[in-house]
Amino acid sequence: MKDINKIVEDVKGILTRTDFMISWYAKKYNKTIFRAGNMSHVGCKVWERNGDKYICFFDPTIERYTTAINPVITYKRKVN
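Given the structure is predicted, the values throughout are model-derived calculations rather than measurements.

1. Overview of the pairing of strand β3 (residues 45–49)
- As judged from the 5 bridges shared by β3 and strand β4 (residues 52–59), these two strands associate in the antiparallel manner. Opposite R49, over in β4, you have D52 as the bridge partner.
- Once β3 ends, the chain turns through 2 residues before running back antiparallel as β4, passing N50 with a positive phi of about 55°.

Structure representation (structure tokens):
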């Protein structure tokens, strides 16, 4: 089991790498998904196709790129 101090450090690291919280409805899983996101990686972008809005962002929690269709940004960190 992880040491509690290690868990706290991991969470603090994720928070500093997160720019926003995002949610979207995933038809494949029939549920709403919530994720932390960051747009500072190469390849992250926003576009529109056939009336749907898409976003490709980096998820620092699972350390991979994710694409969302018709997302809702629920939190955005202020730029210091």
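2. A closer look at the side chain of N38
- Along the chain, the position of N38 falls in the loop between β2 (31–37) and β3.
- Here S40 takes part through its side chain, which lies 2.6 Å from a polar atom of the side chain of N38.
- With residues up to four places along the chain from it excluded, the contact list for N38 reads R17, D19, F20, C44, F57 and F58.

Here is what the cut-offs are and how they apply
Residues numbered from 1 in each chain as written. Predicted model: local features only at pLDDT ≥ 70, side-chain atom pairs only at ≥ 80, totals over all residues. Heavy atoms only, no water. Pairing = 2+ DSSP bridges. Helix = DSSP H or I, 4+ residues; strand = E, 2+ residues; numbered from the N terminus. Polar contact = N/O pair within 3.5 Å; in protein donor to acceptor, adjacent residues only side chain to side chain. Contact = heavy atoms within 4.5 Å.

Geometric values such as these leave the question of function open.
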